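Per-entry structural report
Residues per chain are reported as follows:
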There are 2 protein chains.
Amino acid sequence: MLNEEERLDLVFRALADRTRRGLVERLIRGPASVSDLAAPLPMSLAAVVQHLQVLETAGIVRSEKVGRVRTCAIAPDALRAGEGWLSARRTGWENRLDALGALVDSPGRRSPGQDTRARDTPAREPDTVEGTPS
Amino acid sequence: MLNEEERLDLVFRALADRTRRGLVERLIRGPASVSDLAAPLPMSLAAVVQHLQVLETAGIVRSEKVGRVRTCAIAPDALRAGEGWLSARRTGWENRLDALGALVDSPGRRSPGQDTRARDTPAREPDTVEGTPS
DNA sequence: GGGAAACTCAAGCAATCACTTGACCATCCG
DNA sequence: CGGATGGTCAAGTGATTGCTTGAGTTTCCC
C-alpha cells in the first residue's frame with residue numbers, strides 16, 4: 001500500500017507537468033477515451049498513455065477498458081488530498097502570523113525587557129524576513 | 001518572467017518531494033537558518049541548500065542573507081496558487097456531477113429511447129474533444 | 001591575525017523522466 | 001475474411017533530479 005507521504009509524492013509529481021494538468025482539465029468536463037485525449041496533443045499516443053498511467057497511479061484518474069476502448073475519468077479524492085495538504089499549511093502559516101500580530105498589537109503590560117520569545121532556542125525571529133508580502 | 005503554467009510547474013514539482021515538504025512544514029512554524037533546517041536531515045548541507053533553492057525558485061520560500069547566515073521563511077502566495085488550482089478543478093468536477101445528477105433527478109420529458117443508464121455506460125458524454133486535430 | 005562557522009560553487013554520478021519508435025495484440029466493421 | 005481502429009509493450013535516448021565530495025569565500029569572534 002501507500003502511506004500519506006507517498007501518496008502526496010505521487011499526486012504533486014503528477015500535477016507538476018503541464019500536459020498532465022491539461023488532461024485533468026479535459027477530464028473535468030467529462031470522461032474520454034485515450035485516443036480522444038491524445039488527439040489535440042502534439043505527442044505520440046504512447047506518450048499520452050504514459051501520462052495517464054502517472055495520473056492513475058497517483059489516484060487522480062481511473063480508467064476502464066471496454067472492448068478496445070479505454071475510458072478515463074477523474075477520481076477526485078487524490079486532488080482533495082493535495083488540496084488538503086496545501087490548505088492545512090497555508091492556514092497554519094496564517095495562524096502563526098495572527099498569533100505574532102496579536103503579540104505586537106496588544107503588548108499588554110510586559111516586562112520592559114521584551115523577551116516574549118523563546119528562552120532557550122536561538123532567538124532569531126520576526127524582525128529579519130517578515131517583510132511585506134511581495 | 002514566468003506565466004501561470006510555469007509557476008504551477010515549479011510549485012507542484014517543489015512539493016513533490018518529501019524532504020521539501022518537510023522543510024515547508026518546519027518553516028510554517030517560523031523562520032530558520034539553513035544550518036538549522038539541515039541539522040535534523042540525513043543529508044549534506046549542500047543538498048539542503050539545493051532543496052531550498054527549488055522552493056525559492058517556486059516562490060514558496062524566500063530567504064535573506066545577513067552576515068554569514070541565510071534565514072529562510074515561507075512566502076505563502078505560491079502555496080495559495082497551487083491550492084487555488086486544485087480547488088477550482090475539484091469544484092469544477094463537483095459542479096459537473098451536480099448538473100448530471102439534476103438531469104437524472106428531474107428527468108422532465110426526455111426524448112424516449114435513451115434512458116438514464118447512459119451515464120454509466122462508456123458512451124462518451126456531452127462534448128467531444130475540441131482543438132484542431134493536426 | 002587566525003581559526004571556526006556558515007554557507008557557496010562546481011563537478012560528477014546513479015536514477016528517473018518524458019518522450020520516441022517499432023512491433024504487437026484485440027476488437028470492430030464492411 | 002481482412003483491414004482499420006484503439007491500445008499495449010519494450011527498448012532506447014537525451015534531459016533533469018537528488019545527492020555527493022571537495023574546494024572556495026565570507027563573516028564572526030577570540
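Being a predicted model, the structure only gives us computed values, none of them experimental.

Conventions we followed
Residues numbered from 1 in each chain as written. Chains lettered and ligands numbered in written order. Predicted model: local features only at pLDDT ≥ 70, side-chain atom pairs only at ≥ 80, totals over all residues. Helix = DSSP H or I, 4+ residues; strand = E, 2+ residues; numbered from the N terminus. Buried ≥ 20, exposed ≤ 12 C-beta atoms within 10 Å, placed from the backbone. Contact = placed C-beta atoms within 7 Å. Pairing = 2+ DSSP bridges. Nonpolar A, V, L, I, M, F, W, Y, C, P; charged D, E, K, R; others polar. Expected span 1.5 Å × (residues − 1). UniProt positions renumbered as here; feature names shortened; annotations may be inferred. Near = placed C-beta within 6 Å. Least-squares fit on C-alpha atoms with pLDDT ≥ 70 in both.

What follows deals with the overall build of chain A. Each helix and strand in chain A was counted, giving five helices and three strands. In chain A, the succession of helices and strands from N to C terminus is α-α-β-α-α-β-β-α. Out of the 134 residues in chain A, the part that is buried amounts to 26%. Across chain A, contacts joining residues at least 24 apart in sequence account for 51% of those joining residues at least 6 apart.

Moving on: helix α2 (residues 18–28) of chain A. Buried within α2(A) we find A:R20, A:L23, A:V24, A:R26, A:L27 and A:I28. Just beyond α2(A), the residue with positive phi is A:G30, at close to 145°.

All names here are of chain A. Sheet architecture is open: three strands sit in the order β1-β3-β2, paired in antiparallel fashion. Across the chains shown, the open sheet's two edge strands, defined by having one partner strand only, are β1 (32–33) and β2 (61–66). In this structure, β1 lies alongside strand β3 (residues 69–74), joined through two bridges in antiparallel fashion. Counterpart to S33 in the pairing with β3 is T71.

Right, let's talk about the interface of chain A and chain B for a bit. Across the contact, 42 residues belong to chain A and 44 residues belong to chain B. Only α1 (4–15), α2, β1, β3 and α5 (77–105) of chain A provide two or more residues apiece to the side of chain A that touches chain B. The leading source of residues in the side of chain A that touches chain B is α5(A), at eleven residues. For the side of chain A that touches chain B, the class distribution of residues is 19 nonpolar, seven polar and 16 charged.

Residue and element names in this part refer to chain B. With 13 residues, helix α4 (residues 45–57) extends 18 Å from end C-alpha to end C-alpha; this agrees with the ideal 18 Å at 1.5 Å per step. In this fold, the buried residues of α4 make contact with α1 (4–15), α2 (18–28), α3 (34–38), β2 (61–66) and β3 (69–74). Within two residues after α4, G59 carries a phi angle of roughly 80°, on the positive side.

Residues annotated in UniProt with the feature "domain: HTH arsR-type" (unreviewed entry) correspond here to residues 1–96 of chain A. The span residues 1–96 of chain A is 64% helical and 15% strand by assignment, and the distance between its end C-alpha atoms comes to 34 Å.

Time to look at the protein's contact with DNA strand D. Close to DNA strand D lie 22 residues; A:S35, B:M43, B:S44, B:A47 and B:G67 are nearest. For the surface near DNA strand D, the secondary-structure elements that each account for two or more residues are α3 (34–38), α4 (45–57) and β3 of chain A together with α4 of chain B. The greatest single-element share of the surface near DNA strand D, amounting to five residues, is contributed by α4(B). Broken down by class, the residue content of the surface near DNA strand D amounts to nine nonpolar, seven polar and six charged.

The sheet built from three strands is open, its strands ordered β1-β3-β2 (chain B) with antiparallel pairing. Where the open sheet ends on each side, the last strands, each with one partner, are β1 (32–33) and β2 of chain B.

Mapping chain A onto chain B calls for a screw motion: a turn of 180° about the axis and a shift of 0.0 Å along it, with 0.1 Å RMSD after fitting. Classification of the inter-copy transformation places it as that of a two-fold axis. Both copies contact each other with a shared surface, as 83% of the interface residues of chain A are interface residues in chain B too.

The next thing to look at is the protein's contact with DNA strand C. Around DNA strand C, a shell composed of 21 residues is seen, among which A:S44, A:A47, A:G67, B:V34 and B:S35 lie nearest. If you tally residues by element for the surface near DNA strand C, the top one is α4(A), at four residues. Classifying every residue of the surface near DNA strand C by side-chain character gives nine nonpolar, six polar and six charged.

Our focus in this paragraph is the environment of B:E6. Its place among the elements puts B:E6 in helix α1. Residues B:E6 and B:A58, 52 residues apart in the sequence, show an inter-C-alpha distance of 9.2 Å.

Our focus in this paragraph is the pairing of β3(B). Within a regular strand, the side chains alternate between the two sheet faces. All names here are of chain B. One ladder, built from six bridges, connects β2 with β3; its direction is antiparallel. When the sheet's bridge partners are listed, V61 is paired in β3 with I74. Following β2, the chain reverses through two residues before pairing antiparallel with β3; G67 in that reversal takes a positive phi of roughly 65°.

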